[in-house]
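Okay, here's what each chain looks like letter by letter:
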Amino acid sequence: MTGYIARRLLFVVLVLVAVSMLVFSITALLPANVAHLILGPFAPPEQVRALELKLGLTDPIWLQYVRWAGGFLSGNLGESTLMNRPIGPLLMEAIGRSMMLTGASFVLIAVIGIGLGIIAALRHGGPLDHGISVGTYLGIAVPEFFWAIIVIIVVAAWLGWLPASGYEPLSAGFTVWAKHLIAPTMTLVFGHLAHVSRLTRSSMIEVLQSPYVTAARAKGLPERVVVMHHALRNALLPTITVLALDFGRLMGGIVVVETIFAYPGLGRLIVFSIQNRDLPTLQAAILVVAAIYALANLLADLLYARFNPKIRFGRNVG
Amino acid sequence: MPASTPRSGSVAMSVDQITEAPVIEAAPRRPMSLQLKVGLVITGSIVLLGLLAPWIAPHPWDTISMRTRFVPPNATYWFGTDEYGRDVLSRLLMGTRLSLAMGVSATLVSLAVGIPMGLAAGYFRGWVDEVLMRLADVFMAIPPIMLGLLVLAVTPPALWKTALAVGFVYIPPIARLARSVTLTLANEEFIQAAKARAETNSYILFREILPNAWPPLIVEASLRVTYAILLGSALSFLGLGAQPPSSDWGLMISEARAFIDRAPWIALAPGFAMCLLVIGINLLGDGARERLDPRLKSRVTER
């Protein structure tokens, strides 16, 4: 197992190095370089030239990459061209806020998704099962930004319960903080329930038909104990993998959701830096997202291997 | 053609749950499942409405009229009018073409690049396989929407660029599927026979393997169209796709955001249209998949 983990970790590092090259190479594709972006379109050429020299933009691209990547590793992410602030703290603030959002959504997805899956499996073939199945199907067919619009229309515009957008820090009071978190969290949860609930349902149905569940029932154990202790434990193995993958998917989901709800997290920072051509911030943010995504996928692989020895010793798992 | 020989056990376990590639054989005529029928009807009607849009749209889609701003749905304007007094239904119909064209062309891009990649990786194995699949891993290490944003960040937005970017983003999954199908096919007897006849590699790849790999690829492609439509409209929504005054659905919803409390119909119409289209294509794809290989149960769609 240790060898397997080491191999997978090494692979993640290699992938991230490749991603960093990919992310950096878009600088080379831009018609205007960072010096032009900082000084604006009307800057005199000699001034641009001076700044290019100062920033080392006249060096060959590989040297620029090495410098950038080296800075990244030593914790110096450079400066945002737009906000004139070091990117590090900027990014940390955004990550913190995004983690509140994705963390809350993740817990709800796990609890509600597994719950719905169990109910659907116990009512296998009945109207409740079909209802859940149609509901989660809708969740996946509806684009996230449309879920967001519906949530805003219903909860904010129509019922007037929650603010339609924005963010308040925890220091402004718990209720204010939580109120701003509810609408975006609801949106993310709707869009991601289906994977977890459908998988839990199908593996639960399979487990409930297995001999040891029949044996447990034959022993006269109450149904609640059979379901919660005997069946659920085994049925949840594949679900755990999907949950880890879902954490990665949430990292994609926050782009749209944070933009709509004007929630100042990582996703909004990325969109904002694209709209304002703030290249250094964009590169750093995407690299961070890729790292989180890769680690979530690694976790999914490891959990899967932990529970499935066939994979652990397989040669090529990539 | 030894098409009906009993196939050996699966050679490649793929993430896409394809354990065996169905070789083309005289498909047994079974009645179409309800799923497939409903999918066909929904998708067919939307495609038809989109094709006929310029002739059936009740009003001009882009004529600004200040006197008819924010008219709620009524007999003249079935779906109401927007902030410029334009008929929402007409814009919706014209937008159907854009969404469909975007989804289909993006998927064609993924297929055009992904299939040859997958064929080569699965057939040549060795370092070709290793290089191509590790490359795919790198691109799959970034969430699709971020990869799309990254590609589009460097150029001024336009819908065709969005389609290209979306197509690019979804190359790796297509390549992986094509690879796993090829791995299974490469051990079939008719491929051994072709090798024994000293056929060229390109002949074997494109004349022997590809025709037999089509069915699962086509089904996957049809499902991929929905991912492409969803991703493309999300990018348009973020301002990195179609530009005003275009009536792309994602853009329509994005523009309608400011008027949600006074005129929710502007956002709801394209939103529901998109859901209907995605559900229609999903039913069609899942139905076709089960018809093709009844053992494959409808899967949990990944996005």
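Residues numbered from 1 in each chain as written. Chains lettered and ligands numbered in written order. Predicted model: local features only at pLDDT ≥ 70, side-chain atom pairs only at ≥ 80, totals over all residues. Heavy atoms only, no water.

Q: Quick rundown of the overall build of chain A? Include the residues and the values.
A: Within chain A, the secondary structure is distributed over 13 helices and 0 strands. Reading chain A from its N terminus to its C terminus gives the helix and strand order α-α-α-α-α-α-α-α-α-α-α-α-α. Overall, chain A is about 85 × 55 × 35 Å in size when its C-alpha atoms are taken along their principal axes. Out of the 318 residues belonging to chain A, those deemed buried represent 49%. Restricting the contact set of chain A to residue pairs at least 6 apart, pairs at least 24 apart contribute 71%. Placing the 22 positive and 14 negative side-chain charges of chain A at their respective mean positions leaves the two points 12 Å apart. (Helix = DSSP H or I, 4+ residues; strand = E, 2+ residues; numbered from the N terminus. Buried < 20%, exposed > 50% of the residue type's maximum accessible area, 1.4 Å probe, protein only. Contact = heavy atoms within 4.5 Å. Lys, Arg positive; Asp, Glu negative; His and termini not counted. Charge placed at Lys NZ, Arg CZ, Asp CG, Glu CD.)

Q: Give me the overall build of chain B: which residues, what numbers.
A: On a plain count of helices and strands, chain B comes out with 10 helices and 0 strands. Tracing chain B from N to C terminus, the helices and strands come up as α-α-α-α-α-α-α-α-α-α. Burial status across chain B gives 57% buried among its 303 residues. Within chain B, contacts between residues at least 6 apart in sequence are counted, and of these 73% link residues at least 24 apart. For chain B, the accessible area works out to roughly 13200 Å², and carbon and sulfur atoms hold 67% of it. (Areas by Shrake-Rupley, 256 points an atom, 1.4 Å probe, with all protein chains shown as cover.)

Q: Lay out the nonpolar core with the relevant residues and their values.
A: Within the largest apolar cluster, 136 residues are counted, with the highest numbers of intra-cluster contacts made by Val 19, Leu 91, Met 204, Leu 266, Ile 270 and Leu 282 of chain A together with Ile 145 of chain B. Here this core gets 16 residues from one element, more than from any other, and that element is helix H10 (residues 223-260) of chain A. Among the domains, domain 1 (2-73) and domain 2 (93-311) of chain A are the pair contributing at least three residues each to this core. When near neighbours in sequence (up to four residues on either side) are disregarded, Ile 145 of chain B contacts Gly 252, Val 255 and Val 256 of chain A together with Leu 231, Ala 234, Leu 235 and Leu 238 of chain B. Residues Ala 178, Ile 191, Leu 210 and Ala 213 of chain B belong to the second largest nonpolar core, which totals 19 residues. (Core = buried A, V, L, I, M, F, W, Y, C linked by side-chain atoms within 4.5 Å. Domains from an automatic or database assignment.)

Q: Residues and numbers for the pattern of salt bridges, please.
A: Residue and element names in this part refer to chain B. Summed over all chains, the structure comprises 14 salt bridges over all chains. Put simply, Arg 86 and Asp 82 hold a salt bridge, and the shortest N to O gap is 3.0 Å. Overall, the relative accessible area of 4% leaves Arg 86 in the buried class. A relative accessible area of 3% places Asp 82 in the buried class. The salt bridge involving Arg 179 is made with Asp 129; its shortest N-O contact spans 2.7 Å. Here Arg 179, found in helix H6 (residues 171-186), pairs with Asp 129, found in helix H3 (residues 126-140); they are 50 residues apart in sequence, far enough to count as distant. For the pair Arg 179 and Asp 129, a shared accessibility class is recorded, and that class is buried. Through salt bridges that share partners, Glu 130, Arg 134, Asp 137 and Arg 176 make up one connected network. (Salt bridge = Lys/Arg side-chain N within 4 Å of Asp/Glu carboxyl O.)

Q: Quick rundown of helix H11 (residues 266-275) of chain A? Include the residues and the values.
A: Residue and element names in this part refer to chain A. The buried fraction of H11 is high, at 7 of 10 residues. Where H11 is concerned, the buried positions are Leu 266, Gly 267, Leu 269, Ile 270, Val 271, Ser 273 and Ile 274. Immediately downstream of H11, the backbone of Arg 277 shows phi near 55 degrees, a positive value.

Q: An account of the domain arrangement of chain A is requested, with residue identities and associated values reported.
A: Residue and element names in this part refer to chain A. Here the domain parsing of chain A yields domain 1 (2-73) and domain 2 (93-311). Look at where the C-alpha atoms of domain 1 and domain 2 centre, and you get two points 34 Å apart. On the domain 2 side, the residues contacting the 16 residues of domain 1 number 16 residues. Between domain 1 and domain 2, a total of about 1500 Å² is buried, with carbon and sulfur atoms accounting for 82% of that surface. Taken as a group, Tyr 4, Leu 16 and Phe 72 account for 28% of the area that domain 1 buries against domain 2, more than any other trio of residues on that side. Where domain 1 touches domain 2, the interface holds 0 salt bridges. Listed by contribution, the elements that provide at least two residues to the side of domain 1 that touches domain 2 are helix H1 (2-29) and helix H4 (61-73). Counting residues per element, the side of domain 1 that touches domain 2 draws most heavily on H1, at 12 residues. (Buried area = accessible area lost by both parts, 1.4 Å probe.)

Q: So what's going on with the packing of helix H5 (residues 87-122) of chain A against H11 of chain A? Residues and values would help.
A: All names here are of chain A. Following both chains from N to C, one finds H5 and H11 inclined at 135 degrees, their axes separated by 7 Å at the closest point. Considering their axes alone, H5 and H11 lie oblique with respect to each other. Touching Leu 90, Leu 91, Ala 94, Ile 95 and Ser 98 of H5 are Leu 266, Gly 267 and Leu 269, all from H11. Of the residues assigned to the contact of H5 with H11, the class counts are 6 nonpolar, 2 polar and no charged. (Axes fitted to C-alpha atoms, helices over the stretch in contact; angles between N-to-C directions. Parallel < 35°, antiparallel > 145°, perpendicular 65-115°, else oblique. Nonpolar A, V, L, I, M, F, W, Y, C, P; charged D, E, K, R; others polar.)

Q: Go over the interface of chain A and chain B, please, and point to the residues and values.
A: On the side of chain B, 48 residues touch chain A, which itself brings 46 residues to the contact. Taking both sides of the interface into account, the surface hidden between chain A and chain B amounts to around 4100 Å²; carbon and sulfur atoms contribute 77%. For the interface between chain A and chain B, the tally reads 0 salt bridges. In this assembly, chain A and chain B are joined by 0 residue pairs in polar contact (both at pLDDT 80 or more). Residue assignment for the side of chain A that touches chain B shows that the elements contributing at least two residues are H1, helix H6 (127-141), helix H7 (144-158), helix H8 (174-208), H10, H11 and helix H12 (279-307) of chain A. Residues of the side of chain A that touches chain B, tallied by class, amount to 34 nonpolar, 8 polar and 4 charged. (Polar contact = N/O pair within 3.5 Å; in protein donor to acceptor, adjacent residues only side chain to side chain.)

Q: So, the packing of helix H9 (residues 249-256) of chain B against helix H10 (residues 265-292) of chain B: which residues are in play, and what are the values?
A: All names here are of chain B. Taken N-terminus to C-terminus, the directions of H9 and H10 make an angle of 150 degrees; their axes are 8 Å apart at the nearest point. When the axis of H9 is compared with that of H10, the two are roughly antiparallel. Judged by the sense of rotation from one axis to the other, the crossing of H9 with H10 is left-handed. On the side of H9, the interface is formed by Trp 249, Gly 250, Met 252, Ile 253 and Ala 256, while H10 contributes Ile 266, Ala 267, Pro 270, Gly 271, Ala 273, Met 274 and Leu 277. Across the contact of H9 with H10, the residue classes tally to 10 nonpolar, 2 polar and no charged. (Left-handed = near helix turned anticlockwise from the far one by under 90°.)

Q: Can you lay out a nonpolar patch on the surface for me, pointing to particular residues and giving the numbers?
A: Residue and element names in this part refer to chain B. On the surface, Val 47, Leu 48, Leu 49, Leu 51, Leu 52, Trp 55 and Ile 56 cluster together into a nonpolar patch covering about 690 Å² of accessible area. Structurally, the position occupied by Leu 51 is in helix H1 (residues 34-56). Look at Leu 51 and you get exposed, because its relative accessible area is 53%. (Patch = residues over 30% accessible without salt bridge, like charges linked within 9 Å, V, L, I, M, F, W, Y side chains within 5 Å.)

Q: Describe in detail the packing of aromatic side chains, supporting the description with residues and values.
A: Within the structure shown, the criterion is met by 12 aromatic pairs over all chains. Judged by centre distance (5.6 Å) and plane angle (65 degrees), the rings of Phe 24 of chain A and Tyr 65 of chain A are edge-to-face. On the criterion of sequence distance, the pair formed by Phe 24 of chain A in helix H1 and Tyr 65 of chain A in helix H4 is long-range, its members being 41 residues apart. The pair Phe 24 of chain A / Tyr 65 of chain A is uniform in exposure class, with both members buried. Ring-pair connections join several aromatic residues into one group, and the members of that group are Phe 24, Tyr 65, Trp 68 and Phe 72 of chain A. Sitting over the ring of Phe 70 of chain B, Arg 262 of chain B keeps its end group 4.2 Å from the ring centre. (Phe/Tyr/Trp six-rings, centres within 6.5 Å; stacked < 30°, edge-to-face > 60°. Lys NZ or Arg CZ within 6 Å of the ring centre and 35° of its normal.)

Q: An account of H6 of chain A is requested, with residue identities and associated values reported.
A: Taking 1.5 Å per residue, 15 residues should reach 21 Å; H6 of chain A reaches 21 Å between its end C-alpha atoms and fits that length. Within H6 of chain A, the full set of buried residues consists of Asp 129, Ile 132, Thr 136, Tyr 137, Gly 139, Ile 140 and Ala 141 of chain A. Of the surrounding elements, those touching the buried residues of H6 of chain A are H5, H7 and H8 of chain A together with helix H8 (201-237) and H10 of chain B. (Expected span 1.5 Å × (residues − 1).)

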